[in-house]
Structures are given as structure tokens and as C-alpha cells.
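Listed below, chain by chain, are the residues.
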Amino acid sequence: MGYLQTFGPRADPATALTWGVIVISLIVVAIILALVIVGVIVRGRQLSGGWPEISHPRSEHWIWIGLVPTVLALIFTLGWTVAVLAKINSPASKPAFTLEITGHQWWWEVRYVGPRPADTFTTANEIHIPVGIPVLVKAATADVIHSFWIPALTGKTDTIPGRTNLAWLEADRAGIYRGQCTEYCGQQHAGMAAYVIAQPPAAFEAWRQAQLAPAAPAPAAVAGGETVFNDHCSACHAVRGTSAGGALGPDLTHVASRATLASGILPNDRATLMGWIANPNSLKPGTRMPATGLSGPQLNAVASYLETLK
Amino acid sequence: MAETAIFDRPLPVGSKGRDSVGWWGVLCLIATEASLFAYLLFSYYYIGVQRGPAWLPEIHPKLTLSGPNTLILLSSSVAVWWGEEGIKHGRRAQHLTGIGIGIVLGTAFLIIQGFEWKAKTFGLNTSAYGSLFYTVTGFHMAHVFVGVAVLLVVWIWALIGYFSPRHHARVSVAAIYWHFVDVVWLFVFSTFYLSPYVLA
Amino acid sequence: MSAAEERAPGGARARADFPGPKLLEIWETKPGFINWLASVDHKEIGLRYIVTAFGFLILGGIEALIMRMQLAQPGGHVLSPQAYDQLFTMHGISMIFLYAGPVLSGFSNYLWPLLLGSRDMAFPRLNALSYWIYLAAGVFIYVGFALGDGPDAGWFNYVPYTDRAYNPGINIDVYSLGLILLGISTTVGAANFVVTFLRLRAPGMSINRVPILVWGTLTASVANLLAVPAVSLAFFLLWLDRQFGAHFFDTSQGEPLLWQHLFWMFGHPWVYAIVLPAMGMVSDGLPTFCRRPLVGYTAVAFATVATMALGFGVWVHHMFATGLPSLALSFFSGASLVITIPSAVAVFAWTATIWSGRPVITTAFLFFASMIVLFVIGGVSGFMTAAAPVDLQLTDTYFVVAHIHYVLIGINVFPVVGAIYYWFPKFTGRLLSETLGRWNFWTMFVGFNLGFFPMHLVGLAGMPRRVYTYPPGMGWDGANLVISLGSLLFAVGVLLLLINIAVSLKRGAAAGTNPWRAPTLEWAVPSPPPPYNFAVIPIIESRHPLWEEALAETPRRSQLDEGLLLDQGRETIGTTPLDGRPDLIVNMPEDTLTPLTLALGLATMFAGALGHIWWLAVLGGLVVAASLIAWFWPKRADAREPANG
């Protein structure tokens, strides 16, 4: 989550500037700290020695002497700031595609917008991008203000009701980059992580094709689970290619292909999945997902079904 | 001695019209109230700019009531000024008449504003514009109401005979507050009634 | 013209050491609980402010310690998310609104008339009103919290999370109405400072002779008059949105960002309002111990005003991530960076004062001198966030938490504790223990840096702020444990201060009139000062009335020992705004209960509005109206009327 080392052309110029102002700041603090400590040691005395005479030497010139390097450092920083702003405003080449990222209490909806409606699909919390190719981000919200932040790749972009804020993502190295909501948005503000998975373009394309496809028909073994899902879950969750079309919660068409649950805070394994479905509030207090009240066999069935949604 | 140099004349005791400490206090009150209205009008223009002209319920707001009402409020300021001049020069009748006319005109303004509110087709909770219209004009009416009440109290005190050409700080304070309320109306009126003609 | 209306001031004169019993009888608050409630003595009110503010500081501190227990380790289970949210919100409100501003009002209320050579503030009753409303607002918000309905959306209270749709309880209404109430207190207090500055300085005290603390509080007060309406209005509009279906900020028809503009138009000037007077304390206290006048008085006074003036133009730097165009980011980055210049003036002035003086190391001196270092650390982290591209990474992480605490604790709490060591002898007539003082200082200083410096590092490591927990393995664990331990040590330091105060109140060494051999007027009167402050009206010839002999810089000496008595009722001298020439003999009001009834009426109104109990609100309104009429009731024209409120 640190941002003193970053991995893309949107973040890197700001990181250089960050190091720059850190160095300036450390120099300033070191100088003043030394001046105060040495001044007190050299000039100071204990009260037991009595009160020294009052004097009034003229020392105003020290203020002006101090101001000269201060102003120079400011001008330097301001120039660098403006240059960085210009650099990170837009990517060097045209973005390959658009990502619509929508904040919800408390998860991220991620929509890949292709040139045709048939190229468009929705997923959640885990954002795959191709290495070395800029991607346009349109950040919006379904409810309150959130802030989208992947420190290694980009600074924050607030999601504000009624607005769409633009940003872009580009990673110059494959990897998994964690991010987290940074505008206080309620009880689970802390539980609203996101991951960007930067892959070589070919691997990304394979992932995209897989995500684009609707869910494969449920094998007979999990047909019972699908029924449970449709009865209890489909009002909020969608599984493309089935009758489940809810839009309140994350799209689960390929939920089994994701590494995490509950907006990046839980591992996506069978035990956690069942615990999550049984009682989401115990794992993420305040979550909008209600307890489903499923019986043990129903839980088992629905988990088995979800595990097939690769 | 320092003292002989600095105390070179007799000093007035207590308040003397605009020399009083209270006068400066009311100027502070006016500064903060003026800021309040500035922030209110900032809110109006901010939302207006974000929304574009479409947010106005009426591109040409009717001036039939608000226009004459503006004149009424301005005349009340003249009356109050004339009334304050009265007490400054010891003309009690002029003082009572001036402040009295101010009270009557201020009350008339409030009543007409009531009709203006009734004539509007939108409410506080119809739209952002409605919220702003009723809040800003409501804030202003509350100030007019307080102003009328203050003038009324001052008028009663004058009737009892509390004021003199030297002691009328409260009259000056009430008057400057009243003028302030009138000036604020000019900004409110220009914003809600005139600016759409120019900007929309 | 009657004799009562104009008086030659040459009349009644006296020597300061023999004022006669009449002044005491005129100015003294009579014994008894009711009379205590009715007191309008600025010293009494100032102390009430300070004590109350420290009460809220302790509450806010306890809230912080509980949060630090939760955050000491990843995945903590001390607090539920709801409890954490209310705690971090109440912590912010307590510290920023109920402690940091009021404690400075307390010091300034106590000190201003003494620094300026007056017998009270311009509006003693308004002063009492300001305190009572402050107390009522604090109680109002804390009662909500105690009933489980405390504010829970941060002190910044961003809409739409605070809209009824997402926050249906009355938590946010408690905050909204409580803060509007507090705003009234701040506003009337600010007006009082401004008018006192303009009209109630001692004869001869031209504006270039007032202490820097006065400049700081004056600047803060002017800013409060202009800025507080923004936040009061924002909260009022939000209340209309929530309770009456208005559409100012809501998502369907309003503009959520309007909230942020109004809030920060207030919020940024407010940050300066709660540090500039404290910087003034350092500018006045440090020279006393360095045995020389402040280096660059004029530059520091100008810097104080300039900081605030610039402070009104930088509110957008709190909104860099809201999707603003590059041009706006550049402009507000530039404006924010420029504020460094007046801050640098103050830092170099203080440093030069130490180097060119002969510093005597006392506890007060240590707090003031260490503040310079903390100010610089808080300053450079502010400078870093001023650069918009850097801020887009830093904002809303623990780095900013570190920044705000270096600013508010470094520039407010450290000077305030220094000010307690400095002025406690004046307040009480007793010195605080220097031995315990050293323990107090070093515990607070080490605890503070241990507790807050690592926040920079976890911030740079990406830890967001306002999170009730965090996962393990992010590289945040160790630092968070250190932060929690450091905050505990810091709390022990504050406890040592309280112990020192408690012990010294009973057993402290007698202070005498001027224990620090200080230059300013408050040290010319006994400790504690008599109710009338100055037995005779002083006449001022320089910036350092008590150092004139040693400095030998002015042709004439200030006259403190003998002069005008003014003992025909509560009276003081009014002077002209710039030169401080005597202009008027001001009548001051007697002790009265109207400020208290007015404050109670207001609080009743707000409680009625909160619960939609409209008859209660109307009842409160009637009490307010009746109190106001009683307040301003004139005496007959042939009698003398009190000039002011």
C-alpha cells in the first residue's frame, strides 16, 4: 500500500516529487532543530544563576536571511508541482478501453466498457489491466462519497454523487496492487479494499474473454445449489446467463475466478464463503448483505454452485 | 508628564451615539451577518453554475409584488434615517414619526412577502432552487422581523422618554441594523429576481 | 450639559499602591452561588473557559486512548465500527471545537484587559454569554453522545453520508444544532475581542505597542466573524435537508460538493484561528525568558495577519481529490505554498530571539522553544500536502493525521501548556513546581513524538485514516503499537500537568507581582489581580512598559504607579482605534444573570428544534427575547446609561 515506490507513469512523477519534498522537509527540520537545540545549549542558562540583564540587539536581518532560501525552495517546488500536474493529467497514448468504477457501501463495482454492448461486462473489487497500456477510469458512486486509490499506480479520485471523475491506470510491471477506499463512507470504510491485477496483454485478453462469457450451465451436481441461489440470492446478485439478475450486490458471474470476497478483505475459499453467506455481519459488521437464513445443506449446495462460476 | 499631554480635554461619559462601544459591536454583528448572506448567495450561484439555466423554475421571475416591495423597504430606510435625525436634534415628534413609519413599512414588506411566497408554485422541498429561494428570502424576512421588533422596542423607549440628543446609542444601533437589512435585500432581490434576466 | 455627561479626567487621582476600598467594592463579584453565576469579570470567565476547555481536552484524550487500544494491533476487537465512528468523530469535535478554540478564548479573555491596561473587556456581559453558550453547546453534543446518539460521520461531516438516507438517527442533528449553537458563542466572543482591541486599550497604547498575543487573537476573531457563518449555515442547510426535505446537498437534486466548499471556507481559517493566538503566546513568552524583546515585532505582527488573509484563499486544498481541473489544482497549490512565507517569518524570529538573547531555561521556556520544532515539522508536512500531486497520495492517510496533530498539539497544546506555566502565577499567585514541570515537559515531548511521528511513516506506507481496523501484514503493525504506547506516555504527561496544578494550587511558592521579570502590563498588577485590574489607569509609552528602565529606548516612561482613579461606578477609559488616545469614559455593566438566562433560552430553543418539540422551542425563544430586552433596557436620558453590552 506504500507509494514511495510506484509502478506506472501516472504515479511515478508524483512519487519523484514526493521524495523531493520529503528531502526538502527533512533538511528544513534538521536545520531548525539544530538551531533551536544548539541555541538553547549554547546560549541558555539555569534560573539558579539569576536573571540576566535585558538587552536589545538588532537581529531582524536573520528573518530576511532565512526567507531567501525559503522563497527559493517554494518557487522550485511550485514549478515542479505544476510540471507534474501537467504530466499526470492524461496518458501518453490513447487509453485502450474504459473502466467504470462505481463505489458502493462497501465494495467496488467494476464495469469494462467495450466498443460494442456485447464487449461490456461487470465484475467487482478485482480489476485486471494489461501491462503497459493505459486504461481510462470513470469513477462514480452509487451512494455516498468514496475515494478510489491504488497507491502504486494512481493517487486518489473521489467518487461524488451526480458526477463522474476521470483518472487513468497504467502499470509498467505485472503484479497485484492493493488499494483501499480513502473517503470515510460509513461503518465498513475500513473494509473496502480493491486489487488491481496487472497482467501481460495476452493473459489479460484471455481473462477478459473468460469474463465476457456468461456463466456456463450449472452441472447437474450443483443444480440444487443454483435453485437455492435463485430463490435467496438473485434479488441482489446477477449471474449472467441465468435468471439471476439482481443489481444491488456484486455481479457473481465469475465469482470463483476472484481471489477475495467482501471487497478484498476475505480469502475466497469454501469455508469463508459459507461463513460469509451464513452470517455476513459477523465477518464484516454493518455490511449491507443480510443474513440469508439458509440451512446447512442449503449453504453447502449454494457454495458448491458458486464454486463452479469460474 | 505624559498624562498632561494625553488627557488634554474633558471626556464624554458613557455612550454618545456613534462613539459608543456598542456602535462598534453592531458593526461586528453586521460584518458577520453580511458574511452569512454572502455564503447563502454563494450557494445559490454555485448550484446555479453547476446546473446551468435549466435549474430556474421561471426564467423571468415576476416582479409585480417584489418590485414595489423593494421600493417599500427602501423608503422605510429613509424614514428611519429621518427619525434618527429627529432625536439627534431633539425633535421628538419627528423621531417618533420616522421610526413609526419605518415600523409600518417594514411590516408591510413582511405581509407582501407572505403573498409573494403564496404565489410561488414550488416549495422548499421541490428542488434545490426552491430550497434556496425559501431559505434565503426566509433568512431575510427573519432579519426584517427582528429589525421591526427592535424598532418597535426603540419606539416604545422613545415614547417613555429614554433618549436625548446626547443619549441615543440604541437608536443609532437600531437604525444601522435596519439599513443593513435593506441593503441585504438589494442583493437578495438582484440575485433571485434580476440575475435570471441577465444570466439565463 | 450635565456634569454626569462629560468629565475632565484630571479629577480623582490616586497612587496604585493605595487605591482605597471603593474600587474593590465597585468591581468585586459579591459572594454566593447566584452572584457567582452572575459574574461578568473577564478573569473569572477566562478561567471558566480554560477549565471547561481542559475538561473537553481530557474527554477527547480518553476517546483517543480508547481508539489507540483498538488500533494497537491489526484486527482489534475493543470497539465495534459504530463505536469507533462515534469516538473518532467526538474526538475531533472535542479537540477542534470544544478545546482548541475555547482554551485560547479563555487565555485571551483573562489576559487581554491586563495586557491592554483596561478594567474589563468591551462587552463583559457578552463575554459571560459567550461562555455560557459554549458550555451549553458542549453539553448539548455530549448529552447526545452519552445517549448513544453522538455524531458519527467525522468532524468534517461530509454529505451525502450525513443525509438522512444514509444516517437516519438524530446523531447528525445533534451535531448540526450543537455546532450552530457553538457558532453563536464564537461569534459574540470574536466581536468582543475586536471591539476591545479597537476601543479599550490604555491611553498611549497605539496598535504597534500591543503584544503579539493580542494580534493573534484579533486576527483569529476577525476571521471568525467572517468564517463562522459558513459552517453555521452549512449545518443549518443540512438540518433543513434532513428534517424538512430541502435539497441543498442531497444526491437527487442538491450538490454534495457545496457542503465541502462551505465547510472548508470555514475550516481552513478556523485552523489558523486556533493556532495564531497560541503562536502569539510563544512570541510574547519566549522573549521574556530570552531577556530581550522579540526579534522582528512588526514582521511577526504582519505575518500573523498575512497568514490569515492567505488562509481564506486555500480552502480548496482540502478538496484536491474531488475532480478539479489542473489549473485549479495549480492555483490552490501555489496559494497553499505561499503560506509558508509568513510561517517562516515567525520561525526565524523565534530562533533569532533565542540566539541573540540570554535564554533562561524554565519549564515554560521549554514548552515554547520545543513548539518551534513541532511547528516546523507540522509546517513542512503541510508544505508537502500543498503540492497537489503529492497530496493526491498523502490525503486521507495517516500522514495527514500526523500533520494535523503536529499542528494542533504542536502549535496549540504545547504553547498552551507553556502558557499555563507562564501565567499560572498570575492567575493564582503561586508558582507551579519546576521540578515536576521538567518531568511534565519531557514526558509530553517524548510521548508526543513517539505517538505521532510514526503516523507519518504508516501514512507513507498507505494506511488510510478513519479506519476502525486494519489487516495484518501491511507493514503497519509495529508502528501502530509504538503510536499507541506513545499516546499513553503523552497522556501521562498531561496527567503530570494536572498533578502539578493540583499540588501547586495549595503548596506552590508565592509568585509575587512579576516572577519572570516580564515586560508586559499584566505583570504590573498583583497576582492574582484585583477585580478592577488596575488601581489607576496606566499610560503607555512603549511596547515593553516594564522593561523601559533597562532598555532606555523611550524618552518618556510609561506611567503605572499614579494616575486616573475612575471610581464613580464601573468605568474604564475608551481610546481611539489606532493611536490609543483617550476618547471616552466607558461605563461598564454590573454583574447580571441575563447572559445565563439568554444562553439557557437559546439552549432550550435548540433542544426543542432537535426533538421537534415546537412549544419548547417557542418557550426558549421567548426567554431569549425577554433576556435581550432586559439586557438592552436603557436608563432614563437624564441618568447615565451603560454604553455597551
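Here the structure is a predicted model, which means the values were calculated and not measured.

Quick word on the overall build of chain A
The secondary structure content of chain A amounts to 7 helices and 13 strands. Here the C-alpha radius of gyration of chain A, 27 Å, is well above what a compact globule of 310 residues would show, namely 19 Å. Referenced to the eigenvectors of the C-alpha coordinate spread, the extents of chain A come out at roughly 95 × 50 × 35 Å. The burial tally for chain A puts 44% of its 310 residues in the buried class. In chain A, 65% of the contacts between residues at least 6 apart in sequence involve partners at least 24 apart.

Topic: the interface of chain C and chain A
Taken together, the contacts link 79 residues of chain C with 75 residues of chain A. Among the secondary structure elements, those contributing two or more residues to the side of chain C that touches chain A are α4 (81–116), α8 (256–273), α11 (326–338), α12 (340–356), β3 (360–361), α13 (363–386), α14 (388–394) and α18 (548–551) of chain C. Here the element with the most residues in the side of chain C that touches chain A is α12 of chain C; it accounts for 12 residues. When grouped by side-chain class, the residues that make up the side of chain C that touches chain A number 49 nonpolar, 22 polar and 8 charged. Bridge count between strand β1 (residues 45–46) of chain A and β3 of chain C: 2 bridges; the pairing is parallel. By the bridge assignment for β3 of chain C, Q46 of chain A is matched with I361 of chain C.

Some points on helix α6 (residues 171–199) of chain C
Taking 1.5 Å per residue as the helical rise, α6 of chain C with its 29 residues ought to reach 42 Å, and the 42 Å between its terminal C-alpha atoms agrees with that figure. Counting buried positions along α6 of chain C gives 29 out of 29 residues, so the element sits mostly inside the fold.

Things to note about the nonpolar core
The biggest cluster of nonpolar side chains holds 370 residues, and the ones touching the most others in it are L181, V194, L262 and A349 of chain C. Other than its neighbours up to four places away in sequence, A349 of chain C contacts I63 of chain A together with L294, V295, G296, A299 and V300 of chain C.

Observations regarding the environment of A83 of chain A
Residues and elements named next belong to chain A. Take A83: it is sitting in helix α2 (residues 61–89). For A83, a count of 14 C-beta atoms within 10 Å puts it in the partly exposed group. Spatially, the C-alpha atom of A83 lies 9.1 Å from that of P13, the residues being 70 residues apart in sequence.

Description of the interface of chain C and chain B
At the junction of the two partners, chain C supplies 59 residues and chain B supplies 44 residues. It is helix α7 (residues 212–244) of chain C that provides the largest number of residues to the side of chain C that touches chain B, a total of 9 residues. Here the residues of the side of chain C that touches chain B sort into 33 nonpolar, 14 polar and 12 charged.

The rules behind the values
- Residues numbered from 1 in each chain as written.
- Chains lettered and ligands numbered in written order.
- Predicted model: local features only at pLDDT ≥ 70, side-chain atom pairs only at ≥ 80, totals over all residues.
- Helix = DSSP H or I, 4+ residues; strand = E, 2+ residues; numbered from the N terminus.
- Rg over C-alpha atoms; globule rule 2.2 N^0.38 Å.
- Buried ≥ 20, exposed ≤ 12 C-beta atoms within 10 Å, placed from the backbone.
- Contact = placed C-beta atoms within 7 Å.
- Nonpolar A, V, L, I, M, F, W, Y, C, P; charged D, E, K, R; others polar.
- Pairing = 2+ DSSP bridges.
- Expected span 1.5 Å × (residues − 1).
- Core = buried A, V, L, I, M, F, W, Y, C linked by C-beta atoms within 7 Å.

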